[in-house]
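# Examining the three-dimensional arrangement
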Amino acid sequence: MNLTQLVLASHNAGKLKELQAMLGEAVQLRSIGEFSQVEPEETGLSFVENAILKARNAARISGLPALADDSGLAVDFLGGAPGIYSARYADGKGDAANNAKLLDALKDVPDAMRGAQFVCVLALVRHADDPLPILCEGLWHGRILHAASGEHGFGYDPLFWVPERNVSSAELSPADKNRISHRARAMDLLRQRLSLK
Ligand SMILES: O=P(O)(O)OP(=O)(O)OP(=O)(O)OC[C@H]1O[C@@H](n2cnc3c(O)ncnc32)[C@H](O)[C@@H]1O
Ligand SMILES: [Mg+2]
């Protein structure tokens, strides 16, 4: 497999930046946005299914091996919601609306019951019909804050308190988030699977 060039099956600029930083110069990630602006419908019932679906779609469109990232935030008090629906939690109105809805759903919920985890599944397919996608997952445990804090990152980062640093994940430097996040953990596994340094 020629891994010097991969298409990233994501329209999320935050993911592209983080994954490219983690992979370094050896692998060039090209955004699927170069090939198509049409986003596939995420019809799976799991992170794994959606990651595979996005990877296959990108490989089909680009003709390149494709990496997909399906991720989200699972909040204990909400029975794991928004989970695979994290991007669509506020009906597609974007990150700020998602965060506002989450804060509202957890209004008056005490700290001890605000546990949550970020989940990331990476799927790599060598071609669109690859019968053996490589799958790697990473979890990151934390807690949902009572108000947004921090300017870095994207998505739910301003609401996610990181116990090992005692700050929100939007207050971590990008380099530090990329060392300890759910995405970093999944990428560590992928690197091992591909024997990348
Ligand atoms: O599907 P693609 O095109 O990759 O982009 P997306 O943003 O729709 O990505 P997902 O379907 O995987 O949904 C992920 C959701 O979880 C959020 N999320 C995932 N990783 C995150 C992170 O590291 N920090 C903050 N929020 C994150 C993100 O903002 C989305 O709302
Ligand atoms: Mg999506």
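These figures come from a predicted structure and were not determined experimentally. Within each chain, residues carry numbers counting from 1 in the order of the written sequence. Labels follow written order: the first chain is A, the first ligand is 1, and so on. Only residues with pLDDT of at least 70 get local features here, since the model is predicted, and only at 80 or more are side-chain atom pairs given and counted; chain-wide, interface and lining totals rely on the full set of residues. Values shown for side chains rest on all heavy atoms present in the structure; no hydrogens or waters enter the calculation.

### Description of the side chain of Asn99
- Mapped onto the secondary structure, Asn99 falls in helix H3 (residues 95–105).
- The contact definition used throughout considers only heavy atoms, calling two residues in contact when any of these lie within 4.5 Å. If sequence neighbours within four positions are ignored, Asn99 has contacts with Gly155, Tyr156, Pro158 and Leu159. Put simply, DSSP marks the helices as runs of H or I at least four residues long and the strands as runs of E at least two long, and each gets a number from the N terminus on.

### Quick notes on the UniProt feature "active site" (unreviewed entry) in the chain
- As recorded in UniProt, the sites labelled "active site" (unreviewed entry) are Asp70.
- Here Asp70 is to be found in strand S3 (residues 66–75).
- In this structure Asp70 touches Lys15, Glu42, Ser46, Phe47, Asn50, Ala51, Lys54, Val119, Cys120 and Val121, once residues within four positions along its chain are discounted.
- Two N or O atoms form a polar contact when they lie within 3.5 Å of each other; inside protein one atom must be a possible hydrogen donor and the other a possible acceptor, and for residues adjacent in sequence the pair counts only when both atoms belong to side chains. Side chain to side chain, Asp70 and Lys54 meet in a polar contact 2.8 Å long. UniProt positions are given in the numbering used here, feature names are shortened, and annotations may be inferred rather than shown by experiment.

### Some details on the sheet that holds strand S2 (residues 28–31)
- Pairing between strands is defined by DSSP: at least two bridges between them are needed. In spatial order, the strands read S2-S1-S3-S4-S5-S6-S7; together these 7 strands make up an open sheet with mixed pairing. Edge positions in the sheet fall to S2 and strand S7 (167–168), since each has one partner strand and no second.
- Here strand S4 (residues 115–125) runs beside strand S5 (residues 134–144); their pairing, made up of 10 bridges, is antiparallel. Within S5, the position partnered with Cys120 by the bridge is Gly138.

### Notes on the packing of aromatic side chains
- A pair of aromatic rings is counted whenever rings of Phe, Tyr or Trp (Trp by its six-membered ring) have centres within 6.5 Å, and the orientation is called stacked for planes under 30 degrees apart, edge-to-face for over 60 and tilted otherwise. All told, the structure shown has 3 aromatic pairs when counted by the stated rule.
- Ring centres of Phe118 and Trp140 lie 6.1 Å apart, and the angle between their planes is 25°; on these two criteria the pair is classed as stacked. Of this pair, Phe118 sits in strand S4 while Trp140 sits in strand S5; the two residues are 22 residues apart in sequence, bridging distant segments of the chain.
- According to the relative accessible area criterion, Phe118 is buried, its value standing at 6%.
- In this structure an aromatic cluster arises from ring pairing among Phe118, Trp140 and Phe160.
- Charge-over-ring contacts are defined here by two conditions on Lys NZ or Arg CZ: a distance within 6 Å of the ring centre and an angle within 35 degrees of the ring normal. One cation-aromatic arrangement involves Lys101 over Tyr89; the distance from NZ or CZ to the ring centre is 4.5 Å. A 1.4 Å probe rolled over the protein chains alone gives each residue an accessible area, and that area as a share of the maximum for its type sets the label: buried under 20%, exposed over 50%, partly exposed in between.

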